[in-house]
Structure formats: structure tokens, C-alpha cells
Amino acid sequence: MKEKLMTPEAFAGYRSADSGYENALNLMVSGQWEDALASLVLDKTPEKVLGWVVQQVTQLPLNPPALQCVADINQWLKTHDEGLRRDIFLQAENLGFDTPVGAAGLALFWMQGSMTPDEFEAVYPEAHLAPLMLHCALKQLSVLLAADNAPLIGAQNLLAQWHTVQGGH
């Protein structure tokens, strides 16, 4: 999965013995902020990363539809309700997959279950798609958190938050 989320240079230097956070720090030193965020995505299960992404998204000013989608994602993380998963996909589509909340909603949809309606034969997403979309959500968050600064600044903020949430490990 690493090779699908990281550049070849970052993949070559990735040290499996290190945590995702340690790998991310090494990548940040060389300015590879996108690969550093991929390292975080690879560090935990997609559900754990999604929960953290949603926490980070709530730092942004969100409109009512985005707030509803965030609330529904949080509810899904507790219940794994199939109907709610499909509702979240529709909300994410309306918000746009080019937004952090929309990307998180699409990642959730790809985490579990078929992509097709019940009346059709089940078609399941490939395993790398949910982490890939979580990576996209983090990149979008970096840009938004950085405001007028380089996205590296937003990625540094996310990396610091990750470190805090993981208990400094």
C-alpha cells in the first residue's frame, strides 16, 4: 500500500521499524509534506485515521451541510450502519470530493461494503482507495490550515496534532 500513497523516493526511504510519525518527521525535514501525511495514513487503520481527520476538520469553519456530514461520519464510526454509509456518500458528493469533509465521506464509503445499490451485484472498492482518499483529505486540510502560507505549514500543524493525539509516541 505504501507504494500507492508515497512517491518512489519516500517509499525507498521508508523505515518499517519506525512509526508513521517518525517516518513523517524524517520526510518533513526534506520538505516532503505530502509523503509525510501519507506516512500518517499508513500508521493506523483507515477508521482510526478517519476519526482523527474528522477531528481536524472541525477546526475549520464549516457550513451546515458539512457539519451534518461530520456528525454522520462520527455516528457511522460508532454504528457502521450501512444506510448511513450510503447517506454519507451522497452528502460527500454534494459537498464535493475536493473538500476535506467530502473526501473523508468518500473514504468512509470505500472502507466497507459494496459500491453498488442493493439491487445490483456487489462491487467492492480496492483496499488502497480509502487510505488514498484519506491522504487527499489531509492534503486538502494542509492547504486550508496553512492559509496564505505554504501547505508545508499546514502539514506541520497536522503532524503536531497527530503527535499529541497519539500520546507523544
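Residues numbered from 1 in each chain as written. Predicted model: local features only at pLDDT ≥ 70, side-chain atom pairs only at ≥ 80, totals over all residues. Heavy atoms only, no water.

Draft legend 1. Inspection of the overall build of the chain at higher detail. In terms of helices and strands, the chain carries 10 helices and zero strands. For the chain, the N- to C-terminal ordering of α and β elements is α-α-α-α-α-α-α-α-α-α. Here the C-alpha atoms of the chain give a radius of gyration of 16 Å, agreeing with the 15 Å that 2.2 N^0.38 yields for 169 residues. Dimensions along the principal axes, computed over C-alpha positions, put the chain at roughly 50 × 35 × 25 Å. A total of 169 residues make up the chain; the buried ones form 43% of that total. Counting only contacts in the chain whose residues sit at least 6 apart along the sequence, the fraction spanning at least 24 positions is 59%. If the 9 positive side-chain charges of the chain are averaged to one point and the 19 negative ones to another, these points end up 7 Å apart. (Helix = DSSP H or I, 4+ residues; strand = E, 2+ residues; numbered from the N terminus. Rg over C-alpha atoms; globule rule 2.2 N^0.38 Å. Buried < 20%, exposed > 50% of the residue type's maximum accessible area, 1.4 Å probe, protein only. Contact = heavy atoms within 4.5 Å. Lys, Arg positive; Asp, Glu negative; His and termini not counted. Charge placed at Lys NZ, Arg CZ, Asp CG, Glu CD.)

Draft legend 2. Summary view of the packing of aromatic side chains. The full count for this structure, using the stated rule, is three aromatic pairs. Taken together through their ring pairs, the aromatic side chains of F89, F97 and F109 make up a single cluster. (Phe/Tyr/Trp six-rings, centres within 6.5 Å; stacked < 30°, edge-to-face > 60°.)

Draft legend 3. Representation of the nonpolar core in the model. In this structure, V53, I73 and L138 are the most contacted members of the largest nonpolar core, which totals 47 residues. Elements represented by at least two residues in this core include exactly α3 (20-29), α4 (33-43), α5 (46-57), α6 (64-79), α7 (82-95), α8 (100-111), α9 (129-146) and α10 (151-165). For this core, the element with the most residues is α8, which contributes eight residues. For L138, the contacting residues outside a window of four places in its chain are L37, V41, W52, V53 and L158. (Core = buried A, V, L, I, M, F, W, Y, C linked by side-chain atoms within 4.5 Å.)

Draft legend 4. Up close: the environment of D18. Among the secondary structure elements, D18 is positioned in the loop between α2 (8-13) and α3. Classification of D18 by relative accessible area gives buried; the value is 18%. On a C-alpha basis, the gap between D18 and D43 in space is 9.8 Å, while along the polypeptide they are 25 residues apart. At a separation of 2.7 Å, a polar atom in the side chain of D18 contacts the side chain of R15. (Polar contact = N/O pair within 3.5 Å; in protein donor to acceptor, adjacent residues only side chain to side chain.)

Draft legend 5. Here's a closer look at α3. Looking only at α3, the buried set comprises G20, Y21, N23, A24, L27 and M28. One side of α3 holds all its buried residues, which, seen down the axis, span an arc of 160°. Buried residues belonging to α3 abut α2, α4 and α10. Immediately downstream of α3, the backbone of G31 shows phi near 80°, a positive value. (Arc of directions from axis to C-beta.)

Draft legend 6. A look at the side chain of S114. Counting through the fold element by element, S114 comes out in the loop between α8 and α9. Within the structure, S114 has its side chain in polar contact with the backbone nitrogen of V123 (distance 3.0 Å). Here S114 is in contact with R85, R86, F109, A122, V123 and Y124, once residues within four sequence places are set aside.

Draft legend 7. Structural context of the pattern of salt bridges. Under the counting rule described, the total for this entry stands at four salt bridges. Close ionic contact of R15 with D18 constitutes a salt bridge, the shortest N to O distance being 2.7 Å. For R15, a relative accessible area of 49% gives the class partly exposed. Note that E82 is salt-bridged to R85, the shortest N-O span being 2.8 Å. One end of the pair is E82 and the other is R85, both in helix α7 and three residues apart, which spans about a single turn. Salt bridges sharing common partners tie together E82, R85 and R86. (Salt bridge = Lys/Arg side-chain N within 4 Å of Asp/Glu carboxyl O.)

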